[in-house]
Each structure stands twice: as C-alpha cells, then as structure tokens.
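Listed below, chain by chain, are the residues.
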Amino acid sequence: MDHFFEGNQPFLSRIPLRGKDKIVFIDVTHEPKTTYVDRLRDELKAEFGEVSGVIGIGGGSTLDMAKAVALMMTNPGSSADYQGWDLVKLPGVYKVGIPTLSGTGAEVSRTTVLTGPTRKLGMNSDYTPFDQIVLDPELIQNAPVNQRFYTAMDCYIHCIESLEGTFLNAFSRSYGEKALELCQEIYLKKDHWDADSDEKLMMASYAGGMSIAYSQVGVAHAVSYGLSYLLGTKHGVGNCIVFDKLEEFYPAGVKEFKQMVDKHQVDIPQHITKGLSDADFETMIDVSMGLAPLWENALGKDWQTLMTRDRLRKLYEQL
Ligand SMILES: [Fe+2]
C-alpha cells in the first residue's frame, strides 16, 4: 500500500485483514527500483516462505511494485534480470490492483516500470498484468489536485501517443478514442470537479491503458524516462514537462494539452535540465535511445535516422 495512507485509520479500517494478511507500506517518494523489489521479495520470503497473493493499493508506483513483487515471488534472481520484453518465464503469485490515483494505466498494463542498475525499463510480459482489479472511484476522490492533474495527463498523453503512433490498430484506436473523449470532457468541458469526474477519470485511465497495451507510447514517454532515470522526476509530471515541448511531433495534442494546463492553472516545471553536464545529457540520451519500440511507434521504422543523438540533446536542453 502507498505510504500516503500510513496512519489513515478510516482508510486502513476498510481493509479486512485475516489470518497472516499483512499490510506493507511502500515508499513511493522515488519511482520503484529493482533493488527495492528484490528487498521486499526477500523480506516476504524470509517471513512467510510463500505468499498466496499480493494486493497493490495506491498510485502507479505502488501498483507496479505489487506486480513486480508478485512476479519475483516465483521467478529466480533479481528483477533487474527481467527488465525488457518477454523475459519473465513463470507466472507470479496471484495479484490484485486497487488504484487510488488514476491515469497511469498501471492497473491494466503488461509492464511494471522499474529503475534498475543500468536502465529504466519495465518487466514487460504476458504474466505481468493483474489477475484482478477493483475500480472504485471513491478511492481517488482525495487525490491532491496537482498530482491528479499530472497523472491524468499521463493518460491523455497515452491516448495521443497511441492514436498518433505507427503501431495503431483497431483495438488501440477504440480504447484510445474513448479515453481521449473522457479526458477532454473532464478537463475542458466541465467547469468543476465532482464525483462524475472521478468516475470518468478512472475509466479514462483504464481505457488509455488498454489502448497502449497493444500499441505503444511515444516521444514524451521515451524522453521522460531519461529525466526520471537521471533526476528522479516522477512519471506524470515528467511526461507533462516533455509533452509541453513536443509541438513538432504532436501539434494538435500539445495545443489541447496547453489549454488544459491553462484552464486548470497548473504549473509545469521549466528549465529542469539547466546546468546539467555533458555526461548527464549522455546518460539521459542513452536511456531514451534504449527504448526502441517507443521511438519506432512514434517515428516509424527509420526512427534512428529521424531522432539522432544531437536532436535528442537539443530536446532535452529545452526542458
Ligand atoms: Fe505513462
């Protein structure tokens, strides 16, 4: 469970603990690391031997931690060994996801984004998705406004990157268009936030996640992973920082995004790469360039001729 709920008795009392059930608070100050996953797995194994299931309650980081720990209860070695595509060989223990923040799509995705010793990359596999999810909009109603906006924009960006990508197909389009419509309704058409907004955002997150499940994300994600690897920038706000500068790739989407930012008077951090060294830029470029499927979805098979290290460096310098 997200450490945000530590000490929140009304919330904790709703969890019906029985037998050997145990609540583990997850520190999500930083995005999940492979070392943290391995340590939790080791602690649970030392205490219980085997566990019958893992339930993640929280935002995207907590959900990803729950998926990763559930997988690592059965797969040998370190979670860093499984960062990539289809490297996980065994189903994990039963896993359930209960989001308390909506937008990342972690409740439906086949990945669990982790920062490892050499890269920031998920355990993408057919065994990664939750066996069960519980979507209760009441659980997201107390999310802090800025955090809710950044995370919701993660969903909006999933839609744009999926719908504008070369991997688009009927499945992804169907979910992507629905999620986009919901985001536009909540963030542009409505005048105030209410319970209906929470319900719609929760479904937008789900549909946005489904949309990218069989397509891919694109430029904003590829660039923002570099930021979060080096600077620890959180996924939602990192995507906003990058997407804000991507007019040349997604003109209509960026224009609409800026309207949402204005309407909701949210600050998008600026100049976060100012003063970084050449080595820092190289690190971010390495992380970003390693995400070939994202670039290929965004720019096509010839992406390497279109997105050179120089061009990417200029993009990072604008952030
Ligand atoms: Fe995302």
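Scroll up for the structure.
Predicted, not measured: the structure shown is a model, and the values here were computed from it.

A. Main features of the coordination of the iron ion. The protein atoms that coordinate the iron ion are Asp154 (OD), His158 (NE2), His221 (NE2) and His235 (NE2), at distances of 2.1 to 2.2 Å. Taken together, the four donor atoms coordinating the iron ion and their angles of 84 to 173° define a geometry best described as irregular. For the iron ion, all donor residues lie on one chain, and their spacing in sequence is D-x3-H-x62-H-x13-H. Taken together, the residues span a long stretch of sequence, with Asp154 in helix H4 (residues 145-163) and His221 in helix H7 (residues 219-231) at a distance of 67 residues. Judged by relative accessible area, which is 0%, Asp154 ranks as buried. Of the residues examined, His221 reaches a relative accessible area of 2% and is grouped as buried.

B. Examining the environment of Glu185 more closely. On the secondary structure map, Glu185 appears in helix H5 (residues 170-189). Accessibility expressed as a relative area gives 24% for Glu185, which makes it partly exposed. A C-alpha to C-alpha distance of 9.6 Å links Glu185 and Leu201, two positions 16 residues apart in sequence. Contact partners of Glu185, with chain neighbours within four places excluded, come to Lys190 and Lys200.

C. Structural context of helix H13 (residues 309-318). Buried within H13 are the following residues: Leu312, Leu315 and Tyr316. One side of H13 carries all its buried residues, which in axial view fall inside an arc of 100°. Seen from the open side of H13, the exposed residues pointing more than 90 degrees away from its buried face are Asp310 and Lys314. Close packing links the buried residues of H13 with H7, helix H10 (278-289) and helix H11 (292-299).

D. Spotlight on the packing of aromatic side chains. Considering all chains together, one arrives at 10 aromatic pairs under this definition. Pairing Tyr156 with Phe243 gives two aromatic rings, centres 6.4 Å apart and planes at 85°, and the pair type is edge-to-face. Remark: Phe243 occurs in helix H8 (residues 235-243) and Tyr156 occurs in helix H4; sequence separation between them is 87 residues. The buried category is assigned to Tyr156, whose relative accessible area is 0%. Measuring from centroid to centroid gives 5.0 Å for Phe171 and Tyr175, while their planes differ by 50°, and the two rings are tilted. Of this pair, Phe171 and Tyr175 both sit in helix H5, four residues apart, roughly one helical turn. You can call Tyr175 partly exposed: its relative accessible area is 28%. Aromatic rings pair up to connect Tyr156, Phe243, Tyr250 and Phe257 into one cluster. Taking NZ or CZ as reference, Arg148 lies 3.7 Å from the ring centre of Trp193, over its face.

E. Structural detail: the sheet that holds strand E4 (residues 113-115). Overall, mixed pairing links the three strands, which are arranged E2-E5-E4 in an open sheet. Edge positions in the sheet fall to strand E2 (84-85) and E4, since each has one partner strand and no second. Looking at chain direction, E4 and strand E5 (residues 120-124) are connected through three bridges and run antiparallel. Following the sheet pairing, Thr115 is matched in E5 by Lys120.

F. Structural context of the sheet that holds strand E3 (residues 94-99). Spatially, three strands are ordered E1-E3-E6 in an open sheet, and the strand pairing comes out parallel. Unpaired on one side and paired on the other, strand E1 (53-58) and strand E6 (132-133) mark the two borders of the sheet. As defined by bridge partners, E1 adjoins E3 across six bridges and the pair is classed as parallel. Looking at the pairing, Gly58 lines up with Pro99 of E3. Lying on the sheet, helix H3 (residues 60-72) is in contact with E1 and E3; it crosses E1 at an angle near 170°.

The rules behind the values
Residues numbered from 1 in each chain as written. Predicted model: local features only at pLDDT ≥ 70, side-chain atom pairs only at ≥ 80, totals over all residues. Heavy atoms only, no water. Donors = N, O, S within 2.8 Å, 3.2 Å for Na, K, Ca; no water. Tetrahedral: all angles 85-135°; square planar, octahedral: opposite > 155°, others 65-115°. Helix = DSSP H or I, 4+ residues; strand = E, 2+ residues; numbered from the N terminus. Buried < 20%, exposed > 50% of the residue type's maximum accessible area, 1.4 Å probe, protein only. Contact = heavy atoms within 4.5 Å. Arc of directions from axis to C-beta. Phe/Tyr/Trp six-rings, centres within 6.5 Å; stacked < 30°, edge-to-face > 60°. Lys NZ or Arg CZ within 6 Å of the ring centre and 35° of its normal. Pairing = 2+ DSSP bridges. Axes fitted to C-alpha atoms, helices over the stretch in contact; angles between N-to-C directions.

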